[in-house]
Every structure is written in structure tokens, then in C-alpha cells.
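# Understanding the architecture of this molecule
Next come the chains, spelled out residue by residue.
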Amino acid sequence: MKFDVVVVGGGHAGVEASLAAARLGLKTVLVTLDKSALGRMSCNPAVGGLAKGHLVREVDALGGEMGLLTDRAGIQFKMLNRSKGKAVWSPRAQVDKKLYERLVVATVHAQERLTIIEAEAREVQCVGPRMAGITIDGDQFIECRSAVLTCGTFLNGLIHVGRRKISAGRMGEEASDGITESLISLGFTAGRLKTGTPPRLRRDSISWNKVRPVSGDQDPRPFSFRTTHFNPPNVPCHTVKTNSLTHEIIGQHLSESPMYSGEISGTGPRYCPSIEDKVVRFADRDSHHLFLEPEWAGSSQIYTNGFSTSLPEAVQLKALKTSPGLENVAFYRPGYAIEYDFFLPSQLKSSLETKDIDGLFLAGQLNGTSGYEEAAAQGLLAGVNAAHSALDKPPLVLRRDQAYIGVLIDDLVTKETLEPYRMFTAHAEHRLLLRHTNADLRLSSVGHSVGLVDDNAHGAVLEKHSGLSSFVEEARRTRPNLQKINQFLRHLGEPETPTKTSITEVLRRPKVSLSDLLKTNLFSLDWGTFSKEQRADLLDEAETAIKYEGYISRQSALVERLVKNEQAQIPASFEYNNCGALSLEAREKLSLVRPQTLGQASRISGVSPADVAALSVFLASP
């Protein structure tokens, strides 16, 4: 068999990678253990969340699929972080995971130039430093020009429920072996990580009158900039709390948890801890919130968000029964931990191509990340770059000031991955520029130039940009009646203005919002042909552009200065050990990571500003 691009793994990374490569005109094959399980949500039935929502909107702006399918499969949509600045607002959706999976399967099967093969990938084959192909079941060989590995938690996956161990990629599905050993034989360094999932409860065993309902937004926002006529359901979730008795039971059985008995060697995610971790690390807390989330519309199976665990099934059940509403709870499936292989992402370039093998790309949890959204973002970039590699075109690389995807990948390839990586807004030093509402303005032209965003979608973004500029200019020109504007300010508790002032100046007052102004006759906007969905983003963007104009200008000027370092290339063969002015630690770290630019070098742990300055002198020397 001969293809341009081979993608191994049918999770969120593999789906985006294979679709991207095929849509760019490459003859692509997706190798998966189960072609009916493409895009399966192994863990929580949700997409988005803090910073993760930004990633989904960026994937969509570049021409990816996750946001569009989430809008079609979502059963509750909510904007998180509304109490903070709009730069860190983040969309999240509860998803009908069965419908989402069906939509993914239909999308992938319908894609031209994309073949699906149900098999297990066994070995990576190279000719010198160049990708040659993948060996699958029965020693069949698939020849290719480039390949993307997205094996998720399946590489030597081992499930733990108490002291019981099961070889699996996820519960009920076989693990994959061979790829780890193949990559190690090629000189790659592997590690071991752990993640977990909570129990699934039987709906009819919960006393719903004792738990608190939590609904989504009344004016929900879609993820995709291409979604119109958005009117999703608003299916409630519910919350309960653990208590001191819950924690006491868990504490008494810690020795039966594989993480605490030493049976699991892999490191777990810091920001999505197990209930055992919560009880130990936050011993001063009397309770923790648990969210009861339906796994699909009308689901009889409830996901217990916040109770990830690998304790024995009987202990899990006993602890949960201490919470009001769960006194008679029964399981569909207990929670479990899963250990799996990953490869240190410092072995990758910013394109997600491996540094030692041309044409081989890694994406998703294989790189030490956690979450569907991080996987999809990597998959999309890896798919584009695998296609570019096969076509001998330059790679697509996103900068940190350009996208959260750029932050994600730069963090992976320059920093030590000691635990599963999760994206947060705090990781982005330019987050004021990287709002979820302007992802299309930032990235649609990139997706269009690559070939994943069509002319109509790109034209709509250009129209949005023009409308935004008109709105901001109109706000600068409009100076309402002094008496009326002071009446409006008094109503909000703001000091009056002694002279006529523009809407721009009024909007810079802390308590004034653009939506409040539009409810009066002081200011109005011509929405033209903009849809209801577009108007919400435009309103936020116009207000942010006006309120934070000074901050945005300063951050943009800083970015311009930093870009010079990002463009200063370091030769791949550069010998750091010959640079006596570098500290010993810097020489060790730089030799290990082999950064591509001076900017990357500056972000490596153990490399000081003095080391960067010395390195810049060496690079400038003839």
C-alpha cells in the first residue's frame, strides 16, 4: 500500500490530522484499532473550558472540525470566567458524546482522499533519517512520505482499579504495543504518565431532589465561527458535595490506591487531580464539589466530574454514598487510572516534526498533553505539516503572540514535561491579544493561505474586521448630549463629565459596558447583515478594543520587539559545548532541547538572560 500521509490513531488528534492532510489534497490513510470509535470521548462528556475553549475556537478558525461538531452535538453551553476580564472568558459545552462520535465517524468516512484501515500499527520504518512507512498487523507495509502518530493512551496502556490491572487503551478496548519499542530503537526517549477517569453512575439510583441543578447560558455562544441559527438545548447538570465522612473513608484506603501504593510509576495531571490527591493535598478542605453530567441526551449513565479515582470499586461506592443524593447510588462502571507511554516533546520541532526523522510527526497525548482540545490543536498542525512535508513546502508554525496553539506547542518543545500538560490562560503572556472572540481575526487568513478555510468563510471574517473598525470609529466620532450622558453615568454610579465627550471615553469608565449604552438612545450600531452569533463576538471585540486600547498597543509593541529573537535562527548542528561563556547547566539544557530560535532558547528552564545574551553574540559572530 502506498499513501502520501499515514495517520495512526483515531482520537481527536488523529481525526484533525487526517482530515487536514486529505483536505490539502494528499492521499491519506487513517490507521485505527476501531473505525467505529473515531473521536470517542474517553473521559468527560464536554468540550472547552478555561483556555481550552480558546484552543477549540482557534482550531475552528484554522479550518478544523472540533468546534463545528461540538455545536451540533452540544446539550449545554456556558461561558466561564465571566467575573473576570473578557480576555480570559472561556466557552465550554456539555456534549452528547454518542452523537459527537457519530458525527465524527460520518465526517471522516465522507472525506475525499481519506482511507480508513482497521489495524494495529506495529513499527515505524525509516530510510536513513527519512520516514519511509508504517508496518501494521500481519506485517503489511504502508509506504508513505510522512506520518503522524497520535496513539493517545493506547501505547502499552495499563488500567488500574485498586490492585486489579488490565492491559487496555481505555476500558473495554485493547492497548497497543510495538510503536514504543520501535521509536526507542530509533533513538527516541520515552516516559510514563498517568491519567484517570471517574465512575459512571446509574441515573435511576440518584435522588435528584437532593442535588442542585446547574443550567447553561440563556444566550449561548457557538464554538464555530461558521455556525448560524444556533439554538441548542439547555440540559442541566447537577452538583453535590463530598464531606468529612467521604474523606475519612478515602483516607483509610489510600494504601489500596495504586498511586499511593507505588504500583503506578507514571505522574498524574496536577490540575485534574484524583479524589485521593484532593483529600491528601487539601487536607484542610471539608468538602469538594462533584458535578453530575449526563453523557448524552436522555442518558441513563452519569459522569461524576471531580471524582477521578483508582480506588477499589467497593471503596469508591462506599465513599460516594456519603454524599446527599447518592445514598443508594449504583455503578455502570467504576473509576480507574490508566498508565501509558509518551515521548518527551523536546525531541520535536515547533512544527511537531521529530528532530531526528524527517517526515515523522507526533501529536496529542503521545506528547505528554491531557485533554481533547490540546490533542485536536496538535493534530491539526501536525496534519497540515505532514502534508507540507510530503509536498516539500515550508511548515506552518504559530508564534506565542499569535495563538494559544503557539503557546501550547512552544511550551511542549522547550520545557520539561514532568506531568500531563494542560493549557491555562496564565501560560499565555500575550493573552490580552489572544481572546476567544478574535480567534477568527487572528487565524482565518492563516487557514485560508494554507487551504483549509474557503473563500466564503474567509470573506465573512474580512467583513467582520471591517464592521469592527467601523464600530470603533463610530464610537470615537459620537458625542452624545451632555445632560443625557451625565444622567446615564449617574444611574451607573459613575462621576459626571463636565464637557461633551465621545462614546470611546465613556466606555473606558469601569462600570460602563457597550451593551448598556446600546440599550439607550445615546449610541447605536448598524448591524447590517451580521448574524445573531456574529453580533455577540463583535460587541465584545468592539468593547475590548476601546476599553483596553492602551494596554493592547503596549503589548503589541512588546511583541514586535520580541519577534526579532523569535526570528534569530540557531543552526541544528550548533555546538553549545564550544561556547565557554554559557553556564554548564545552559550547555546541558540547550544540547538536550536543541532550540530552533533564540526566542525558544530564552524559554528553556535553566537558561538565564546572561546565557541568552552570550548565545546571541556567538550567533552574530562570523
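Residues numbered from 1 in each chain as written. Predicted model: local features only at pLDDT ≥ 70, side-chain atom pairs only at ≥ 80, totals over all residues. Heavy atoms only, no water.

## Considerations on the overall build of the protein
Secondary structure assignment for the protein yields 21 helices and 21 strands. Judged by the C-alpha coordinates and their principal axes, the protein covers about 80 × 75 × 50 Å. Burial status across the protein gives 58% buried among its 622 residues. For the protein, restricting intrachain contacts to residue pairs at least 6 apart in sequence, the fraction spanning at least 24 positions comes to 72%. Element-wise, carbon and sulfur atoms account for 51% of the exposed surface of the protein, whose accessible area totals about 25500 Å². Charge separation in the protein, taken as the distance between the mean sites of 72 positive and 71 negative side-chain charges, equals 6 Å. (Helix = DSSP H or I, 4+ residues; strand = E, 2+ residues; numbered from the N terminus. Buried < 20%, exposed > 50% of the residue type's maximum accessible area, 1.4 Å probe, protein only. Contact = heavy atoms within 4.5 Å. Areas by Shrake-Rupley, 256 points an atom, 1.4 Å probe, with all protein chains shown as cover. Lys, Arg positive; Asp, Glu negative; His and termini not counted. Charge placed at Lys NZ, Arg CZ, Asp CG, Glu CD.)

## Brief notes about the environment of Val15
Within the secondary structure layout, Val15 lies in helix α1 (residues 12–23). Spatially, the C-alpha atoms of Val15 and Pro45 are 18 Å apart, while their sequence positions differ by 30 residues. Once residues within four sequence positions are removed from consideration, Val15 is found in contact with Gly10, Leu38, Gly39, Val104 and Val108.

## Thoughts on the side chain of Lys52
Mapped onto the elements of the fold, Lys52 is located in helix α2 (residues 52–61). Overall, the relative accessible area of 7% leaves Lys52 in the buried class. Sequence-distant contacts of Lys52, that is, excluding residues within four places in its chain, are made with Ser370, Gly371, Glu373, Glu374 and Arg422.

## Considering the layout of surface pockets
For the second largest pocket, the calculated volume is near 620 Å³. Among the elements that line the lining of the second largest pocket, the one with the most residues is helix α18 (residues 549–567), at six residues. Along the lines of polarity and charge, the residues of the lining of the second largest pocket split into eight nonpolar, 15 polar and twelve charged. (1 Å grid on protein atoms, 1.4 Å probe; cavity = no way out; pocket = protein on both sides within 12 Å on 5 of 7 lines; lining within 4 Å. Points joined across faces, edges and corners; volume = space filled by probe spheres on them. Nonpolar A, V, L, I, M, F, W, Y, C, P; charged D, E, K, R; others polar.)

## Here's the deal with the packing of helix α3 (residues 66–73) against helix α4 (residues 97–110)
The geometry of α3 relative to α4 is characterised by a closest axis approach of 9 Å and an angle of 135 degrees between their N-to-C directions. When the axis of α3 is compared with that of α4, the two are oblique. Like other packed secondary-structure pairs, α3 and α4 cross with a definite hand, here right-handed. Here α3 contributes Met66, Leu69, Thr70, Arg72 and Ala73 to the contact with α4, which in turn contributes Leu99, Tyr100, Leu103, Val104 and Thr107. Class assignment of the residues belonging to the contact of α3 with α4 gives a composition of seven nonpolar, two polar and one charged. (Axes fitted to C-alpha atoms, helices over the stretch in contact; angles between N-to-C directions. Parallel < 35°, antiparallel > 145°, perpendicular 65-115°, else oblique. Left-handed = near helix turned anticlockwise from the far one by under 90°.)

## Side note on the sheet that holds strand β21 (residues 360–362)
Within a beta sheet, neighbouring strands are joined by backbone hydrogen bonds and run either parallel or antiparallel to one another. Taken together, five strands build an open sheet; the order of strands is β6-β2-β1-β10-β21 and the sheet is parallel. Among the strands making up the open sheet, the edge pair consists of β6 (114–118) and β21. Going across the sheet, the axis of each strand differs from the next one's by a mean of 20 degrees, ignoring polarity. As paired elements, strand β1 (residues 5–8) and strand β2 (residues 28–32) share four bridges and run parallel to each other. Bridging from a neighbouring strand, Val7 pairs with Leu30 of β2. (Pairing = 2+ DSSP bridges.)

## A closer look at empty space enclosed by the protein
Applying the stated criterion to the full structure yields five cavities of 30 Å³ or more. Volume-wise, the largest cavity comes out at about 60 Å³. The wall of the largest cavity is formed by Gly11, His12, Val15, Glu16, Gly39, Glu65, Met66, Tyr100, Val104 and Ala376. Mapped onto the lining of the largest cavity, the elements with two or more residues apiece are α1 and α4. Looking at which element gives the most residues to the lining of the largest cavity, the answer is α1, with three residues. Looking at the lining of the largest cavity, its residues break down into five nonpolar, three polar and two charged. As for the second largest cavity, its lining consists of Phe77, Lys78, Met79, Pro91, Arg92, Asp217, Pro220 and Arg221. Of all the secondary-structure elements, those providing two or more residues to the lining of the second largest cavity are β4 (74–80) and β5 (90–95). Examining the composition of the lining of the second largest cavity, we find that three residues originate from one element, β4, more than from any other. The class makeup of the residues in the lining of the second largest cavity is four nonpolar, no polar and four charged.

## Some details on the packing of aromatic side chains
Applying the stated rule across the entire model yields six aromatic pairs. Arranged with centres 4.9 Å apart and planes meeting at 85 degrees, the rings of Phe77 and Phe230 form a pair that is edge-to-face. Taken together, the residues span a long stretch of sequence, with Phe77 in strand β4 and Phe230 in the loop between β15 (212–214) and β16 (237–241) at a distance of 153 residues. With respect to class, Phe77 is no different from Phe230; both count as buried. Three or more aromatic residues joined by ring pairs form one cluster here, namely Phe77, Phe223 and Phe230. (Phe/Tyr/Trp six-rings, centres within 6.5 Å; stacked < 30°, edge-to-face > 60°.)

## A word on helix α14 (residues 482–492)
The set of residues buried in α14 consists of Ile485, Asn486, Phe488 and Leu489. Mapping the buried residues of α14 onto a view down its axis gives an arc of 155 degrees, with all of them on the same face. Away from its buried face by more than 90 degrees, α14 exposes Gln483 and His491. The elements touched by buried residues of α14 are α15 (503–507) and α16 (514–518). By the N-cap criterion, in which a side-chain oxygen at the helix start approaches the backbone nitrogen of a residue two or three places on, α14 is capped by Asn481, the distance to Gln483 being 2.9 Å. Immediately downstream of α14, the backbone of Gly493 shows phi near 80 degrees, a positive value. (Arc of directions from axis to C-beta. Polar contact = N/O pair within 3.5 Å; in protein donor to acceptor, adjacent residues only side chain to side chain.)

## A short note on the sheet that holds strand β9 (residues 140–143)
Strand order in the open sheet formed by three strands is β7-β8-β9, with antiparallel pairing between adjacent strands. The open sheet has two edge strands, β7 (121–127) and β9, and neither has a second partner. When the angles between neighbouring strand axes are averaged without regard to direction, this sheet yields 30 degrees. Note that strand β8 (residues 130–136) and β9 share four bridges and pair antiparallel. Its bridge partner being in β9, Ile136 is matched across the sheet by Gln140.

## Thoughts on unusual backbone geometry
Peptide bonds are mostly trans, and most non-glycine residues show a negative phi. Notably, Asp392 is not glycine yet its phi reads approximately 60 degrees, a positive angle. Structurally, the position occupied by Asp392 is in the loop between α10 (372–390) and α11 (404–414). Backbone geometry at Arg594 places phi at a positive 50 degrees, although glycine is not the residue there. Mapped onto the elements, Arg594 comes out in the loop between α19 (584–593) and α20 (598–602).

## Considering the pattern of salt bridges
Across all of its chains, the model carries 40 salt bridges by this definition. When the shortest N-O distance is used, the salt bridge between Asp410 and Arg603 registers 2.4 Å. Placement of the pair is Asp410 in helix α11 and Arg603 in the loop between α20 and α21 (609–620), with a sequence separation of 193 residues. Note on Arg603: relative accessible area 18%, which makes it buried. Across the pair Glu474 and Arg477 runs a salt bridge, and its minimum N-O distance is 2.4 Å. With Glu474 and Arg477 both in helix α13 (residues 455–477) and three residues apart, the pair spans about one turn of that helix. Glu474 sits in the partly exposed class, given a relative accessible area of 28%. (Salt bridge = Lys/Arg side-chain N within 4 Å of Asp/Glu carboxyl O.)

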